[in-house]
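Architecture at a glance
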Amino acid sequence: MSARQALRIPDHPAASVPAEERGHGRDDVRMMVSRGTAVSHHTFRELPCLLRAGDVLVVNTSRTLAAAVDGTDAAGARVVVHFSARGDDGRWAVELREPVPGGSTRRRAGGPAGSVVRLPGGARLVWEEPLTAGEERLWWARPSVAGIAELLRRYGRPIRYAYTRRDQPLSAYQTVFALDAPDGAGSAEMPSAARPFTPGLVVELVSRGIQFAPVVLHTGVASAEAHETPCPEPFEVPASTARLVNAARAGGGRVVAVGTTAVRALETAARPDGVVRARAGWTELVVTPGRGVRVVDGLLTGLHEPEASHLLMLEAVAGREALERGYAEAVRALYLWHEFGDVHLILPDEEPDAPHC
């Protein structure tokens, strides 16, 4: 039995608004630190004290899209389309949802093939086939217009689930590392592990000898009600990042991924011997305890639902016993879940460094 199966988390507090509405800034969140089964509790602002010169933080620079757009189906009923990923052939992988009272949405099966959803501005989506055979949540749909990026900018809003109190501006879903892509590509949902970083904290980390290495992985939708394995996602690991990570590992530095998206991109680009190459394309990699990790020494991440496939990745990095111990502590200490919540730093099971602050 994996840690994903063994975890039994009772009702836990969700972060219903961004940290800056609860406290003094984005970095005003708690951070649980796991080193093997040893767990300690910190604030995110203590991160520079917990890393050391020569460590590399791998960050995802994908920008969050306003990926939720209202529409109507063939019968005239209101629907919400979540744009998940753009295919190389111009189609989009999309999730169909229907509004519910309170401003949230719930899942609705996509399809059938040939059905049409009308979007603002006269655009239409024609359903073609499921993204994955045998699954009905995500479908490939062909838009009637080429400029979906412009349509999202004009009519879209960030994807929101029921645990959030209200709609937030798109800026609340951008990390400090987010960059505009020339083709308008981006993530359907925020690479949220990096959200607590602020420019000031980045400067402090760099001044202490911690380096940053960018990757890109455009995340698709991750519905709170569905627990499928991750779908294929576009990614890029640039040559500069490959060189930096390889040099750090050769010199004894630790490679700490900021978010599961950074793990997926980096591990996709790694050879079996752990050497990272420059790569780009689509990744279908699912990091499991059986597969293990080849490059990543540590992981900064949020807190995930017991059924989430991300927990397999966390178990691969931390080990089952350490993961169960950490989540028991998170429940006991009332850590906040989801994209605006608290974070979990997993470091190698070794003698802790002396505090640097």
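All of the points below concern the structure found in this document. Small disclaimer: the values here were computed from a predicted structure and weren't measured. (Residues numbered from 1 in each chain as written. Predicted model: local features only at pLDDT ≥ 70, side-chain atom pairs only at ≥ 80, totals over all residues. Heavy atoms only, no water.)

1. Quick word on the overall build of the chain
Across its full length, the chain carries 9 helices and 16 strands. Taking 2.2 N^0.38 as the reference for a compact globule, 357 residues should give roughly 21 Å; the C-alpha atoms of the chain span a radius of gyration of 20 Å, in line with that estimate. Projected onto its principal axes, the C-alpha positions of the chain cover 65 × 40 × 40 Å. Put simply, the chain has 357 residues, and 52% of those count as buried. In the chain, of all internal contacts separated by at least 6 residues, the share reaching a separation of at least 24 is 71%. For the chain, the accessible surface area stands at approximately 14,800 Å², while carbon and sulfur atoms represent 51% of it. Distance between charge centres in the chain, computed from 40 positive and 43 negative side chains, equals 3 Å. (Helix = DSSP H or I, 4+ residues; strand = E, 2+ residues; numbered from the N terminus. Rg over C-alpha atoms; globule rule 2.2 N^0.38 Å. Buried < 20%, exposed > 50% of the residue type's maximum accessible area, 1.4 Å probe, protein only. Contact = heavy atoms within 4.5 Å. Areas by Shrake-Rupley, 256 points an atom, 1.4 Å probe, with all protein chains shown as cover. Lys, Arg positive; Asp, Glu negative; His and termini not counted. Charge placed at Lys NZ, Arg CZ, Asp CG, Glu CD.)

2. Notes on helix H5 (residues 199–207)
Residues of H5 that are buried: Leu201, Val202 and Leu205. Taken end-on, H5 shows its buried residues confined to a sector of 100 degrees, consistent with a single buried face. Turned more than 90 degrees away from the buried face of H5, the exposed residues are Pro199, Val203 and Ser207. Along its buried surface, H5 packs onto helix H3 (47–50), strand S3 (56–60) and strand S11 (211–217). With its phi angle positive at about 90 degrees, Gly209 sits one or two positions after the end of H5. (Arc of directions from axis to C-beta.)

3. Here we look at the packing of helix H7 (residues 260–268) against helix H8 (residues 310–318)
Between two packed helices, both the angle of their axes relative to each other and the distance between the axes serve to describe the pair. Two elements in contact, H7 and H8, have axes separated by 11 Å at closest approach and are oriented at 70 degrees. On the basis of their axis angle, the class for H7 and H8 is roughly perpendicular. Seen along the crossing, H7 lies across H8 with a hand that is left-handed. For the pair formed by H7 and H8, the contact residues are Thr260, Val263 and Arg264 on the first element and His310, Met313 and Leu314 on the second. (Axes fitted to C-alpha atoms, helices over the stretch in contact; angles between N-to-C directions. Parallel < 35°, antiparallel > 145°, perpendicular 65-115°, else oblique. Left-handed = near helix turned anticlockwise from the far one by under 90°.)

4. Describing the environment of Gly319
Position of Gly319 relative to the elements: it lies in the loop between H8 and helix H9 (320–332). Along the sequence, Gly319 and Thr37 sit 282 residues apart, while their C-alpha atoms lie 9.1 Å from each other.

5. Quick word on the pattern of salt bridges
Inspection of the entire model under this criterion finds 27 salt bridges. Note that Arg45 and Asp27 form a salt bridge whose closest N and O atoms lie 3.0 Å from each other. Residue Arg45 is found in the loop between strand S2 (38–43) and H3, and its partner Asp27 is found in the loop between helix H2 (19–22) and strand S1 (30–35); the two are separated by 18 residues along the sequence. Judged by its relative accessible area of 37%, Arg45 is partly exposed. With relative accessibility at 11%, the residue Asp27 sits in the buried group. Close ionic contact of Asp180 with Arg63 constitutes a salt bridge, the shortest N to O distance being 3.0 Å. Taken together, the residues Asp180 in the loop between helix H4 (148–155) and H5 and Arg63 in the loop between S3 and strand S4 (68–72) connect sequence positions 117 residues apart. (Salt bridge = Lys/Arg side-chain N within 4 Å of Asp/Glu carboxyl O.)

6. Here's the deal with unusual backbone geometry
Note that the residue after Gly111, namely Pro112, is joined by a cis bond; omega there is 0 degrees. Summarising the element assignment, Pro112 is placed in the loop between strand S7 (105–107) and strand S8 (116–118). A positive phi angle, close to 60 degrees, is found at Leu334, a residue other than glycine. As for its placement among the helices and strands, Leu334 is situated in the loop between H9 and strand S16 (343–347). Given the relative accessible area of 54%, Leu334 is considered exposed. Its identity as a non-glycine residue notwithstanding, His338 has a phi of 80 degrees, on the positive side. Along the chain, His338 falls in the loop between H9 and S16.

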